[in-house]
Amino acid sequence: MTSKYKIELLPDTETCYRYLQAGFSIIVLTFLAGLLALAVPDLRPTYEVIVMPALFVGLGLLLYSVGTHLHIMHLNVLEMGDEDGTHE
């Protein structure tokens, strides 16, 4: 069972970290856009429209990457726990 997931998931560890970086970047850019909206009051209505979807997408990417990382770690623990390296 783990060999199927190992083939599909372990090459995607770099993708997991890319999702983490993308989610964190979206949240930081939203914060910086908020600072810009404080400096330029004309941008405040635009910021109020963008802030909730941007934070939702950023937090969703963070949550997905953390969940994928934990799943891969769990599969590695199962693999190390088997004496012959197979898990069914």
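Quick caveat, the model's predicted, so the values are computed rather than measured. The residue count restarts for each chain, going from 1 along the sequence in the order it is written. Thresholds applied to this predicted model are a pLDDT of at least 70 for local features of residues and 80 or more for the giving and counting of side-chain atom pairs; totals over whole chains, interfaces and linings are not thresholded and use all residues. With hydrogens and water excluded, all non-hydrogen atoms of the structure serve as input to the side-chain values.

What about the overall build of the protein?
Strands are runs of DSSP state E lasting at least two residues, helices are runs of H or I lasting at least four, and both sets are numbered from the N terminus onward. Assigned secondary structure in the protein consists of three helices and zero strands. A simple rule labels every residue: compare its accessible area, found with a 1.4 Å probe on the protein chains alone, to the largest value its type can have, and call it buried under 20%, exposed over 50%, or partly exposed in between. Relative to its 88 residues, the protein shows a buried fraction of 18%. A 1.4 Å probe and the Shrake-Rupley method give the accessible areas. Residues count as covered only by the protein chains that appear here. Carbon and sulfur atoms make up 70% of the accessible area of the protein, which amounts to about 6600 Å² in all.

Thoughts on the side chain of Thr30
By the secondary structure assignment, Thr30 is in helix H2 (residues 13–39). Here Ile26 takes part through its backbone oxygen, which lies 2.7 Å from a polar atom of the side chain of Thr30. A contact between two residues is defined here by any heavy atoms of the two lying within 4.5 Å. In contact with Thr30, other than residues within four places in its own chain, are Tyr47, Val51, Ala54 and Leu55. Under this definition, polar contacts are N or O atom pairs within 3.5 Å; protein pairs additionally need one hydrogen-donor-capable and one acceptor-capable atom, and for neighbouring residues in sequence, both atoms have to be side-chain atoms.

Re a nonpolar patch on the surface
Residues form patches when they are more than 30% accessible in relative terms and have no salt bridge. Like charges link within 9 Å. Nonpolar side chains (Val, Leu, Ile, Met, Phe, Trp, Tyr) link within 5 Å. By convention in these notes, a salt bridge is any Lys or Arg side-chain nitrogen within 4 Å of a carboxyl oxygen on Asp or Glu. On the surface, a nonpolar cluster with roughly 710 Å² of combined accessible area is contributed by Phe24, Val28, Leu29, Phe31, Leu32, Leu35 and Leu38. Here Phe24 is to be found in helix H2.

Thoughts on the packing of aromatic side chains
For any pair of aromatic rings, the description rests on two quantities: the centre-to-centre distance and the angle between the ring planes. Two rings from Phe, Tyr or Trp (for Trp, the six-membered ring) form a pair when their centres sit within 6.5 Å of each other. Planes less than 30 degrees apart are called stacked, planes more than 60 degrees apart edge-to-face, and all others tilted. Overall, the coordinates contain one aromatic pair when judged by the stated rule. With a centroid separation of 5.2 Å and an interplanar angle of 85°, the aromatic rings of Tyr19 and Tyr64 are classed as edge-to-face. Linking Tyr19 in helix H2 with Tyr64 in helix H3 (residues 44–81), this pair joins segments that are 45 residues apart in sequence. The class for Tyr64 is partly exposed, based on a relative accessible area of 48%.

Topic: the confidence of the model for the protein
Of all residues in the protein, 70% attain a pLDDT of 70 or more, and the chain-wide mean is 80. Across the protein, the element-wise mean pLDDT spans from 53 in helix H1 (residues 2–9) up to 89 in H2. A residue's pLDDT is simply how confident the predictor is in it, with values from 0 to 100.

Quick word on the environment of Leu43
In this structure, Leu43 sits in the loop between H2 and H3. For the pair Leu43 and Ala33, spaced ten residues apart in sequence, the C-alpha separation works out to 9.2 Å. Excluding anything up to four places from it in sequence, Leu43 contacts Leu36 and Ala37.

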